[in-house]
Amino acid sequence: MDHADIRETFFTECEDLLEALHDGLARIEYTLCIGMDAETVNTVFRAVHSIKGGAGAFKLDQLVRFAHQFETTLDALRAGRIVADPALMGLLHRSADQLSDLVQVARAGNDAACPNLLCLTHELAAAAGEDEDNGDSDAEDFGFSPLSLDLDLGGSDLTSGSNGGRYAIAFSPTRALYACGNDTSVLLRVLSDLGRMEVRLDRSRLPDFDALDWQESWLDWQIILETDEPEHQIDEIFEFVEDLCRLEVSPLPEDMTLEETEVGHAPEPPASTVAGPLKKPADEGRGSAPRATVRVDLDRVDRLINIVGELVINQAMLSQCVQDEGVPQRSPMRGRLDDFRSLAREIQASVMAIRAQAIKPLFQRMARIAREAATSAGKQVRLVTEGEGTEVDKTVIERLADPLTHMIRNAVDHGIETPELRASAGKSETGMITLSAAHRSGRVLIEVQDDGGGINRPRVLEIARSKGLVPENAVLSDEETDELLFMPGFSTASVISDLSGRGVGMDVVRSTIESLGGRVGITSVPGHGTRFSISLPLTLAVLDGMVVDVSGQTMVIPVSTIIETLRPCPADVHGLGSGGQVVGIRGSFVPIVDCGAVFGYRDPVHTYDKSVLLLVETGRQKLCALVVDAIHDQRQVVIKRLETGYGDIPGIAAATILGDGRIALIIDPEGLVELGASPHGPGSEF
């Protein structure tokens, strides 16, 4: 690997470390009332330390300095010198956000200083109990001080006869440990927290100056530790550098001193004790070991998905050829073809799973959005996440960021009340926003729910009338009033702020979700809060479709939008206005959209005795009946996007290739209904 590859690997690993950092801080904050979990604090500390170490190897000084101070404050927390309270947790969350920004700046190769960096660094120093220094040097500003090679970390007056254990530790860093920016003094200081310790530095391998290779590690440490802690606590301190050093930890007889041990070699353990390297053998601990993973370039995965898509298409073509040739149903060829079809589907599902990833990183970003929005609005807000392990196609997750950002900000600004109003209503001064994800019926359901005051429907209706969005005498149901929030230009904010007031937000949410083949709904109870629900396909590469005939054209409609199919009786169809029609279904009337007429394939028809109606659910029109001439079958189709070559086509979501090699357009029911209802479209009569 060249330098650029190693650097990119570091930043990729930073993504996992930052995820662990944010997750750990959230866990610490959640458990404040029952006591802090020491292991969680250690995990957070190791994440920051590892980022600092890697950044040092690439001379990312700004990142190293801030991570060093962040690490120092976390070290004070885990040592018990400071206490985790809401104020400190807020500072740690903001510091984690700042660390994420610094990683992104470094990754982009941008040397620009991040705003508020120095101020936040001083806040961390003050929280750790350090004196702020306004000196000119970076070393003084960020708390660095020279270190000697001989470290007095616990004194040399260790006594025998203690109730605790005594361990001999031989520690020899490799050149890789320093190349990653690790600091042996930090490891030894943390080790000294376990008990009383004596340390001796061995310089015997250090060559003459002329023969010195400055990149090599020449120093070793021999340590005796007297502690009441179990041996695995020692292992955990060296856990994140276990592959970067030579380490031996062995129980030490009570009457043996440091001088009686050989530097670099631990004494022989008693027969009843197993001693050896910190790293476990490959055949131990398999039950609890993390699953092995491999990082693959996303372009390679996309190419693999495209190839598998072509395989599925070719399988469909073979099936069509066999059918056209009149091969008997009981022919062995049919059986082998069925096996091929099942195998192709299984391969396709497995390949699609490679692109799936947990929604957790996106939810962690939303936690930052909620904190920043709450600070800007002067409110107290807590974000709770559920279903973080729900897996969704990576493309879907990437395009969800903006809609969720709008929704979280909307919940903070419009949903959650001020602390004073909440207290007067008998609520906790801290508002609660719940962000959840789950798989439902082959789709992913994401919900944003707050426990605020709910939608003020009289005010919403008043604003809509004042803006001319609805007639003055319009009488709307609660659901219809709520839908006004999704209209372009609509806003209930009386003052333009950093969060809202410009009428841009919820309409963007709906249009983005619909472009992903999803739907968004809203429910609200005055005084108790509001819930937004987003339903999305698991992937944007394949879908289950209903293959239909529209005026001789073969088209596909997503099965997920179809509620039922029916052939209406003439008595069920009623005229509406100038040429519009509705169909009566179980006591309600649903507008009819003639697909052939909307797409311009033929003139509108007025009788449907030879047609099929597909009752579909859309986000804006609720229920609508699409008129098609026939239904061929239902099958899984590979989605081929049209935006690059043809741009946005109203009423068409994408295309696919059928088994006979023909191209079939995939209908976008939402866009089709809008096109049919447009005053300039073929369906303008209703």
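Described below are features of the structure shown in this document.

Reading guide: rules and limits
Residues numbered from 1 in each chain as written. Predicted model: local features only at pLDDT ≥ 70, side-chain atom pairs only at ≥ 80, totals over all residues. Heavy atoms only, no water. Pairing = 2+ DSSP bridges. Helix = DSSP H or I, 4+ residues; strand = E, 2+ residues; numbered from the N terminus. Axes fitted to C-alpha atoms, helices over the stretch in contact; angles between N-to-C directions. Buried < 20%, exposed > 50% of the residue type's maximum accessible area, 1.4 Å probe, protein only. Patch = residues over 30% accessible without salt bridge, like charges linked within 9 Å, V, L, I, M, F, W, Y side chains within 5 Å. Areas by Shrake-Rupley, 256 points an atom, 1.4 Å probe, with all protein chains shown as cover. Salt bridge = Lys/Arg side-chain N within 4 Å of Asp/Glu carboxyl O. Core = buried A, V, L, I, M, F, W, Y, C linked by side-chain atoms within 4.5 Å. Contact = heavy atoms within 4.5 Å. Parallel < 35°, antiparallel > 145°, perpendicular 65-115°, else oblique. Left-handed = near helix turned anticlockwise from the far one by under 90°. Nonpolar A, V, L, I, M, F, W, Y, C, P; charged D, E, K, R; others polar. Expected span 1.5 Å × (residues − 1). Polar contact = N/O pair within 3.5 Å; in protein donor to acceptor, adjacent residues only side chain to side chain.

Focus on the sheet that holds strand β19 (residues 612–618)
Ordered by their spatial adjacency, 6 strands build an open sheet running β15-β19-β20-β18-β17-β16, and the pairing between neighbours is mixed. Pairing within the sheet leaves two strands with one partner each, and these edge strands are β15 (562–566) and β16 (573–576). In this sheet, neighbouring strand axes are inclined to one another by 35° on average, regardless of whether the strands run parallel or antiparallel. By the bridge criterion, 3 bridges tie strand β18 (residues 588–594) to strand β20 (residues 622–628) in an arrangement that is parallel.

Observations regarding the pairing of β19
Buried residues dominate β19, accounting for 6 of its 7 residues. Where β15 and β19 come together, 4 bridges link them in antiparallel fashion. Paired with L566 across the two strands is L613, which belongs to β19. Relative to β20, β19 runs antiparallel, the two sharing 7 bridges. When the sheet's bridge partners are listed, L615 is paired in β20 with A625.

Observations concerning a nonpolar patch on the surface
Taken together, the side chains of L206, F209 and L212 present a nonpolar region at the surface, about 320 Å² in accessible area. Relative to the assigned elements, L206 resides in the loop between β2 (195–202) and β3 (220–227). When its relative accessible area of 41% is taken as the criterion, L206 is described as partly exposed.

A closer look at the nonpolar core
Where a protein is soluble and globular, its nonpolar side chains tend to be buried together. In this structure, L21, F70, L92, L99, L191, I234 and F238 are the most contacted members of the largest nonpolar core, which totals 65 residues. With 10 residues, the single largest contributor to this core is helix α4 (residues 86–107). The residues contacting L21, other than those within four sequence positions of it, are V44, A47, V48, F70, A96 and L99. If you look at the next biggest cluster of nonpolar residues, it comprises 47 residues, including V396, V448, I463 and L540.

Some remarks on the packing of helix α2 (residues 38–57) against helix α3 (residues 61–78)
Running from N to C, α2 and α3 point in directions that differ by 160°, and their axes come no closer than 9 Å. In terms of orientation, α2 and α3 fall into the roughly antiparallel class. Here α2 and α3 pass one another in a crossing that is left-handed. Here α2 contributes V41, N42, V44, F45, V48, H49, I51, K52, A55 and G56 to the contact with α3, which in turn contributes L63, V64, A67, H68, F70, E71, L74, D75, L77 and R78. Its residues assigned to classes, the contact of α2 with α3 comprises 12 nonpolar, 4 polar and 4 charged.

A look at helix α13 (residues 394–415)
Given 3.6 residues to a turn, an α-helix orients residues that are three or four positions apart in the same direction. Relative to the 32 Å expected for 22 residues at 1.5 Å per residue, α13 spans 30 Å between its end C-alpha atoms, a close match to the ideal helical length. At the N-terminal end of α13, a side-chain oxygen is found 2.8 Å from the backbone nitrogen of T395, two or three residues along, and the residue is D393.

Let's talk about the pattern of salt bridges
It is possible for side chains of opposite charge to pair when their charged atoms get near one another. Using the criterion set out here, one finds 31 salt bridges in the structure. A salt bridge links R46 to E39, with the nearest nitrogen and oxygen atoms 2.9 Å apart. Salt-bridge contacts for E372 lead to R368; the nearest nitrogen and oxygen are separated by 2.9 Å. Of this pair, E372 and R368 both sit in helix α12 (residues 360–377), separated by 4 residues, roughly a single helical turn.

A short note on the sheet that holds strand β21 (residues 630–638)
Taken together, the 5 strands give an open sheet; going across it, the order is β21-β13-β14-β23-β22, and neighbouring strands pair in mixed fashion. If you trace the sheet from one side to the other, it starts and ends with β21 and β22 (652–657), each paired once. Here the average twist between neighbouring strands, direction ignored, is 35°. Taken together, the 8 bridges between strand β13 (residues 542–550) and β21 define a ladder with antiparallel strand orientation. Bridged to M546 within β21 is Q634.

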